[in-house]
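# Summary of the model geometry
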Amino acid sequence: MKIVISDKAAEWYKDEMLLKDGDFIRFFARYGGCSTVQQGFSLGISNEQPVNIGVETVKDGIHYYIEEKDLWYFDDKDLFADFNEVANEPEYRHAQ
């Protein structure tokens, strides 16, 4: 499993979340909402320090990660964060 962040999505995270080099973005399983991966759960995002990283990628000095305890949510699928120009925000897809 891997995390892939597009250039435009990385730029959005830095601008909108006021990130600087060395900061962390966590993707996690959030109860409720709608998902194509796990029914009854949705993707959550936060800016917090890791405890036990399960998978991580670094782009433009920012660490994007998923905690070991949240890997079940992704069902061993890669997480892709692209940028939706119309909505002006990241959009996510999961693929193997």
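Residues numbered from 1 in each chain as written. Predicted model: local features only at pLDDT ≥ 70, side-chain atom pairs only at ≥ 80, totals over all residues. Heavy atoms only, no water.

### Description of the overall build of the chain
When its secondary structure is counted, the chain shows two helices and seven strands. Listed N to C, the secondary structure of the chain is β-α-β-β-β-β-α-β-β in terms of helices and strands. A separation threshold of at least 6 residues defines the contact pool for the chain, and within that pool the share at least 24 residues apart is 53%. Of the roughly 5700 Å² of accessible surface on the chain, a fraction of 46% belongs to carbon and sulfur atoms. (Helix = DSSP H or I, 4+ residues; strand = E, 2+ residues; numbered from the N terminus. Contact = heavy atoms within 4.5 Å. Areas by Shrake-Rupley, 256 points an atom, 1.4 Å probe, with all protein chains shown as cover.)

### Brief notes about the packing of aromatic side chains
For the structure on display, the rule yields six aromatic pairs. Judged by centre distance (6.4 Å) and plane angle (20°), the rings of Phe27 and Tyr64 are stacked. Here Phe27, found in strand E2 (residues 24-31), pairs with Tyr64, found in strand E5 (residues 62-67); they are 37 residues apart in sequence, far enough to count as distant. Take Phe27: its relative accessible area is 0%, and that puts it in the buried class. (Phe/Tyr/Trp six-rings, centres within 6.5 Å; stacked < 30°, edge-to-face > 60°. Buried < 20%, exposed > 50% of the residue type's maximum accessible area, 1.4 Å probe, protein only.)

### Some remarks on the pairing of strand E6 (residues 78-84)
The element E6 is extensively covered by neighbouring structure, given that five of its seven residues are classed as buried. Inspection of the sheet shows strand E1 (residues 3-5) paired to E6 by three bridges, in the parallel sense. Counterpart to Val4 in the pairing with E6 is Phe80. Two strands pair when backbone bridges link them, and E6 and strand E7 (residues 89-95) are joined in this way by seven bridges, in the antiparallel orientation. (Pairing = 2+ DSSP bridges.)

### Comments concerning the pattern of salt bridges
It is possible for side chains bearing opposite charge to pair when their charged atoms get close. As enumerated under the stated definition, the model contains eight salt bridges in all. Between Lys59 and Asp7 there is a salt bridge, with the nearest N and O atoms lying 2.6 Å from each other. Taken together, the residues Lys59 in strand E4 (residues 53-59) and Asp7 in helix H1 (residues 7-16) connect sequence positions 52 residues apart. What makes Asp7 exposed here is its relative accessible area of 55%. Residues participating in the shared-partner salt-bridge network are Arg26, Glu48 and Asp70. (Salt bridge = Lys/Arg side-chain N within 4 Å of Asp/Glu carboxyl O.)

### As for the sheet that holds E1
Picture the strands of a sheet paired through backbone hydrogen bonds; they go either parallel or antiparallel. Ordered by their spatial adjacency, three strands build an open sheet running E1-E6-E7, and the pairing between neighbours is mixed. Looking at the sheet topology across the chains shown, the edges are occupied by E1 and E7. Between one strand axis and the next, the sheet turns by 20° as a mean value, whatever way the strands run. (Axes fitted to C-alpha atoms, helices over the stretch in contact; angles between N-to-C directions.)

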